[in-house]
Amino acid sequence: MRLGAYRRFSGLGGLVAALACVPIAGCGESHANASASRTIAVTERDFHIDAPAKLASGTYTFDVANLGVTDHELIVASTPDGSLPLRPDGLTIDEEALGPREPGALEPGGPGAQRTLTVRMTPGRYILFCNMEGHYMAGMHAEVVVR
Ligand SMILES: [Cu+2]
């Protein structure tokens, strides 16, 4: 799990860098779109994630509520074929193998935690998941198609 934590930290750094450049140049987006972030409710339970199945492309702030009784992460990964690579332990997703296909992640949050994660969602197929040991396999994943 240590490497996974490091990988997620790097991903957050990239997210911060991406956000930092929005006010300056918009990162290639139009200025009208660069500042707009829509808020979407995401609910985590033991062991389920509720999120919209379809979204229009754009920047979203996921308002993440942990209604479970154990800690949960929220990781956003793009997945062209709808699958994610498992580590040899068979219990967690290999986030190192995802590389840049992980545009955003929240570290574990405790029961009752309410947190936000802002991610730019370009068209494609994504999976929101929790990578605490065994949680993905137990059902903590939700597919989101962005058009
Ligand atoms: Cu979890």
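Here is what the cut-offs are and how they apply
- Residues numbered from 1 in each chain as written.
- Predicted model: local features only at pLDDT ≥ 70, side-chain atom pairs only at ≥ 80, totals over all residues.
- Heavy atoms only, no water.
- Helix = DSSP H or I, 4+ residues; strand = E, 2+ residues; numbered from the N terminus.
- Buried < 20%, exposed > 50% of the residue type's maximum accessible area, 1.4 Å probe, protein only.
- Contact = heavy atoms within 4.5 Å.
- Areas by Shrake-Rupley, 256 points an atom, 1.4 Å probe, with all protein chains shown as cover.
- Pairing = 2+ DSSP bridges.
- Donors = N, O, S within 2.8 Å, 3.2 Å for Na, K, Ca; no water.
- Tetrahedral: all angles 85-135°; square planar, octahedral: opposite > 155°, others 65-115°.

Chemist: Please clarify how the overall build of the chain should be interpreted in this entry.
Modeler: For the chain, the helix and strand inventory stands at five helices and nine strands. Listed N to C, the secondary structure of the chain is α-α-α-β-β-β-β-β-α-β-β-β-α-β in terms of helices and strands. For the chain, the proportion of its 147 residues judged to be buried stands at 42%. Counting only contacts in the chain whose residues sit at least 6 apart along the sequence, the fraction spanning at least 24 positions is 66%. As displayed, the chain offers around 7,300 Å² of accessible surface, 59% of which is attributable to carbon and sulfur atoms.

Chemist: Explain the pairing of strand β4 (residues 58–66) to me, please; I cannot follow it from the model alone.
Modeler: Along any regular strand, the residues point their side chains to alternate faces of the sheet. Burial runs high along β4: eight of the nine residues are buried. Direction of pairing for strand β1 (residues 37–45) relative to β4: parallel, over a ladder of eight bridges. Bridging across to β4, T43 finds its partner in A65. Pairing analysis gives eight bridges linking β4 to strand β7 (residues 114–121), with the strands arranged antiparallel. Paired with A65 across the strands is Q114, a residue of β7.

Chemist: Help me out: how do you make sense of the coordination of the copper ion in this one?
Modeler: A metal bound by six donors in octahedral fashion has ideal angles of 90 or 180 degrees, whereas one bound by four tetrahedral donors has an ideal angle of 109.5 degrees. Binding of the copper ion to the protein goes through H72 (ND1), C130 (SG), H135 (ND1) and M140 (SD), at separations of 2.0 to 2.7 Å. Note that the copper ion binds four donor atoms; their angles at the metal cover 80 to 135 degrees, and the shape is irregular. Mapped onto the sequence, the residues coordinating the copper ion show the spacing H-x57-C-x4-H-x4-M. Of the two residues, H72 sits in strand β5 (residues 72–78) while M140 sits in the loop between α5 (135–138) and β9 (141–146), which places them 68 residues apart along the sequence. Classification of M140 by relative accessible area gives buried; the value is 0%.

Chemist: Help me out: how do you make sense of the sheet that holds strand β8 (residues 124–129) in this one?
Modeler: Sheet strands associate in pairs through backbone hydrogen bonding, adopting either a parallel or an antiparallel arrangement. One open sheet accounts for five strands, arranged β3-β9-β8-β5-β6; its pairing is mixed. Each of the sheet's edge strands pairs with one partner strand only, and the pair in question is β3 (54–55) and β6 (104–109). Across four bridges, β5 lies against β6 in antiparallel orientation. Bridge pairing in β6 places L74 opposite L106.

All quantities given are derived from atomic positions and should not be read as evidence of function.
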